[in-house]
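So you can see what is in the structure, the chains are spelled out below.
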Amino acid sequence: MDKKKIKSIIVFGCFLILFVTLTIVLWPFISSLSTDVGRENLKEKISSLGVAGWFVMVGIQVLQIIVAFLPGEPIEIVMGVFYGSIGGLFTCLLGILLGSILVYLLSKYIGKPFVKLFIDIDDLEKYKFLRNTKKVELTVFILFFIPGTPKDALTYLAPFVPIKPKKFFVISTIARIPSVITSTILGDQIIKGNYLIAIIVFIITAIISIAGILFSNYYTKRKQNELSK
């Protein structure tokens, strides 16, 4: 076994231990978000921690980015509950950025063994056009901007796409702003008791999401066809 493989195994093992530890520590926070009582209790616990609570929430967002199959919306809504629409937005974006950087580095240096832990590689085959597209920056922005694309899973493709890491992090983070802020606004309105506004935001978001999913499927198929020509 060569040194490169030994290094990959050691790094992978260290990450696995760290991930399991973080999951055990943070999972009660994540699972509690599924009920109103759990959210209220979590809010009280986070508030009592002060600045440390903010770091905990950033850590939960980072964990959600790494574990790509976990939905991000509930966490974004809770961020809006805790920190308001704007404060929640920037807290989410920081966690998303840190999580994306971590996923990029681990995917690049460990490779498929790490990627396979969290996503089905076959499901991302339809996005292989990213490796050959000429306007890769614009394509990445569109994919992360429109609803319906597996954004967290797509982050695992970043090391294999012809785009500089810094550009990818900036583009993919900025492109998420519309979808994130609608969730934080929803959370902010819920905690303020503005249920009518919250319902309106939810309906608008649902309509945009459906339209986004349809457009995402159309856009992805079009790019696939362009690649096959």
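Residues numbered from 1 in each chain as written. Predicted model: local features only at pLDDT ≥ 70, side-chain atom pairs only at ≥ 80, totals over all residues. Heavy atoms only, no water.

What to know about a positive patch on the surface
Quick reminder of the rule: Like-charged residues within 9 Å of one another, or nonpolar side chains (Val, Leu, Ile, Met, Phe, Trp, Tyr) within 5 Å, are grouped into patches, provided each residue has over 30% relative accessible area and no salt bridge. Where accessible areas are quoted, they stem from the Shrake-Rupley method and a 1.4 Å probe; at the residue level, only the protein chains shown are allowed to cover. Any Lys or Arg side-chain nitrogen located within 4 Å of an Asp or Glu carboxyl oxygen qualifies as a salt bridge. Two residue types count as positive, namely Lys and Arg, and two as negative, namely Asp and Glu; His and chain ends fall outside the count. Throughout, a charge is located at the NZ atom of Lys, the CZ atom of Arg, the CG atom of Asp or the CD atom of Glu. Only DSSP runs of H or I with at least four residues qualify as helices, and only runs of E with at least two residues qualify as strands; both kinds are numbered from the N terminus onward. Per-residue accessibility, obtained with a 1.4 Å probe over protein chains only, is compared with the maximum for each type, and a residue is labelled buried under 20%, exposed over 50%, and partly exposed between these values.
Residues K112, K116, K128 and R131 make up a contiguous surface patch of positive charge. On the secondary structure map, R131 appears in the loop between α5 (112-118) and α6 (136-145). Assessed through its relative accessible area of 43%, R131 is described here as partly exposed.

Re the environment of I181
Formally: Should any heavy atoms of two residues lie within 4.5 Å, those residues are considered in contact.
Looking at the secondary structure, you find I181 in helix α9 (residues 177-191). Taking the C-alpha atoms as reference, I181 lies 8.0 Å from G88; in sequence the two are 93 residues apart. Not counting chain neighbours up to four residues away, the residues in contact with I181 comprise S85, I86 and L89.

Digging into the pattern of salt bridges
Once their charged atoms are close, side chains differing in charge can pair, the charge on each being opposite to the other. Considering all chains together, one arrives at 2 salt bridges under this definition. The partner of E137 in a salt bridge is K167, and the shortest N-O contact between them spans 3.7 Å. Of this pair, E137 sits in helix α6 while K167 sits in helix α8 (residues 165-175), and the two are 30 residues apart along the sequence. A relative accessible area of 29% places E137 in the partly exposed class.

Focus: the confidence of the model for the protein chain
Using the following cut-off: Per-residue confidence from the prediction method is given by pLDDT, with values spanning 0 to 100.
Summary statistics for the protein chain give a mean pLDDT of 79 and a share of 79% for residues scoring 70 or more. Per-element confidence in the protein chain is highest for α8, whose mean pLDDT is 91, and lowest for helix α1 (residues 3-31), whose mean pLDDT is 64.

Remarks on the nonpolar core
Operational definition: Here the nonpolar core consists of buried residues drawn from Ala, Val, Leu, Ile, Met, Phe, Trp, Tyr and Cys, with membership extended through side-chain atoms lying within 4.5 Å.
Residues M57, I66, F114, F118, I119 and Y156 are the most contacted members of the largest nonpolar core, which totals 29 residues. Among the secondary structure elements, those contributing two or more residues to this core are α3 (51-66), α4 (73-110) and α5. Tallying contributions element by element places α4 first for this core, with 12 residues. Counting 20 residues, the second-largest nonpolar core is a separate cluster that includes L130, V140, I171 and Y219.

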